[in-house]
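# What the coordinates show
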Amino acid sequence: MGDPLGLHRVLEPAGALPQAAQRLDARPELWADEVRIAVERLNLDAASFRQLSEKHGGDGEAVRAEVLEIVGARGKMHNPVTGSGGMLVGTVEEVGPASTLGLAVGDRVATLVSLTLTPLHLTDALAGWDGRSEQVPAAGHAVLFGRSVAARLPEDLPAELALAVMDVCGAPALTARHVARHVDLDSDRGVGPRVAVVGAAGKSGSLCLAAARRAGARATVGVVPHDGEAATLRAAGLADEVVVCDARDPVALRDAVAATGGPADVTVVCVDVPGCEGGAVLATAQGGTVIFFSMATSFAAAALGAEGLAADVTMVVGNGYVPGHADVALDLLRSEPGVRALFEARLEAHA
């Protein structure tokens, strides 16, 4: 039986965990506790797709070629610039006799672990993808380890929609957890926290706004980069206040959030561009919490910047996993029309 962490699949360097490895063994033969998935679609994470698109000036063929090159060389989809990957959907085609994941042959599933640690082999040269969207029709196989995480696709939602939600499902669950903690801290005052979400009209941002409100936030502020997204977010009705601001400008972000009623008690960063660390810290009240979900975040910049600003804030790295996170996100999609409208519009725009 293989190591449940997937160490037996690491080709180099020896002793690395699969996520940190330069190259994985993506052969289809299974160890006893593994599961093989017939791949149907990849979902590249937003930071990785943006970096590839900008690098190639929007040339979809060049983006497609680089994704194929990365997967072919590394045995996984692990963007060497952003360090991120995404996740996938597919159908279970073989289950090892010692697997504990509870999956059966024929199950359609979404993998809830990053493509940066998932052995992946592609067989179709991504011929059905134009390189211009985060969702990638694909054929091949992927392997889940004994300690991987996957969820069966819900039957009441289109696969593309479920994939888009599950790609970011850790964000709303963790946001809800920290908002609830602030509610408990302020219980003597009978008020919940002020919550600001940076990148609020995106996938994770819209879910985090809905999760914050449900968890007891007394006010929610959505920060977006331009008037078009502001109009979309206002129409969705997910934020009490919507402000337009370049989140890479620290003082502008601080002032924009403060103008809605003061600094945030919880600030959630969901943007897919670098340089938003300082503004997020400045926009947060002393004793508050900053949650970074963006893979474009420089955690050194966040930590050292907060120190230099004498900011007494707790900074949290969103690691993408919270028990029950897929159910939380799917429930928000089903029950919040504004969330679903934003997701469907995003998918239609990239169709």
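The structure we're discussing is the one just above.
One structure accompanies this document, and this report is about it.

## Description of the packing of aromatic side chains
- Enumeration over the complete set of coordinates arrives at one aromatic pair.
- Ring centres of Phe-292 and Phe-299 lie 6.4 Å apart, and the angle between their planes is 85°; this geometry places the pair in the edge-to-face category.
- Assessed through its relative accessible area of 2%, Phe-292 is described here as buried.
- Of the residues examined, Phe-299 reaches a relative accessible area of 36% and is grouped as partly exposed.

## Re the pairing of strand β4 (residues 86-95)
- As paired elements, strand β3 (residues 35-44) and β4 share nine bridges and run antiparallel to each other. Bridge pairing in β4 places Leu-44 opposite Gly-86.
- Here β4 pairs with strand β5 (residues 108-111) via three bridges, running antiparallel. By the bridge assignment for β5, Gly-90 is matched with Val-109.

## Topic: empty space enclosed by the protein
- Inspection of every chain in the model, using the stated rule, returns one cavity of 30 Å³ or more.
- In this structure, the largest cavity spans a volume of roughly 40 Å³.
- Lining the largest cavity are Val-269, Val-271, Val-273, Pro-274, Gly-275, Cys-276, Glu-277, Phe-292, Ser-294, Ala-296 and Thr-297.
- Considering only residue class, the lining of the largest cavity consists of seven nonpolar, three polar and one charged.

## Things to note about the sheet that holds strand β12 (residues 264-269)
- Spatially, six strands are ordered β11-β10-β9-β12-β13-β14 in an open sheet, and the strand pairing comes out parallel. One side of each edge strand has no neighbouring strand; the edge strands of this open sheet are β11 (241-244) and β14 (314-317). Going across the sheet, the axis of each strand differs from the next one's by a mean of 20°, ignoring polarity.
- Here β12 runs beside strand β13 (residues 284-292); their pairing, made up of five bridges, is parallel. From the neighbouring strand, Thr-267 faces β13, where its bridge partner is Val-290.

## Looking at the environment of Ala-20
- With respect to the helices and strands, the residue Ala-20 is situated in the loop between β1 (10-12) and β2 (23-24).
- Look at Ala-20 and you get partly exposed, because its relative accessible area is 47%.
- Linking Ala-20 and His-78, residues 58 residues apart in sequence, is a C-alpha distance of 9.5 Å.

## Describing the environment of Val-339
- Inspection of the secondary structure puts Val-339 in helix α11 (residues 337-349).
- Sequence separation between Val-339 and Leu-238 is 101 residues, and the spatial gap between their C-alpha atoms is 7.7 Å.
- Apart from residues lying up to four places away in sequence, Val-339 is in contact with Ser-206, Leu-207, Ala-210, Leu-238, Leu-332 and Leu-333.

## What about the pattern of salt bridges?
- Per the counting criterion, the structure on display carries 23 salt bridges.
- A salt bridge links Glu-54 to Arg-50, with the shortest nitrogen-to-oxygen separation between them at 3.3 Å. With Glu-54 and Arg-50 both in helix α1 (residues 46-55), this residue pair falls four residues apart, about one helical turn.
- Exposure remark for Glu-54: the relative accessible area of 55% places this residue in the exposed category.
- For Arg-50, a relative accessible area of 32% gives the class partly exposed.

Conventions adopted
Residues numbered from 1 in each chain as written. Predicted model: local features only at pLDDT ≥ 70, side-chain atom pairs only at ≥ 80, totals over all residues. Heavy atoms only, no water. Phe/Tyr/Trp six-rings, centres within 6.5 Å; stacked < 30°, edge-to-face > 60°. Buried < 20%, exposed > 50% of the residue type's maximum accessible area, 1.4 Å probe, protein only. Pairing = 2+ DSSP bridges. Helix = DSSP H or I, 4+ residues; strand = E, 2+ residues; numbered from the N terminus. 1 Å grid on protein atoms, 1.4 Å probe; cavity = no way out; pocket = protein on both sides within 12 Å on 5 of 7 lines; lining within 4 Å. Points joined across faces, edges and corners; volume = space filled by probe spheres on them. Nonpolar A, V, L, I, M, F, W, Y, C, P; charged D, E, K, R; others polar. Axes fitted to C-alpha atoms, helices over the stretch in contact; angles between N-to-C directions. Contact = heavy atoms within 4.5 Å. Salt bridge = Lys/Arg side-chain N within 4 Å of Asp/Glu carboxyl O.

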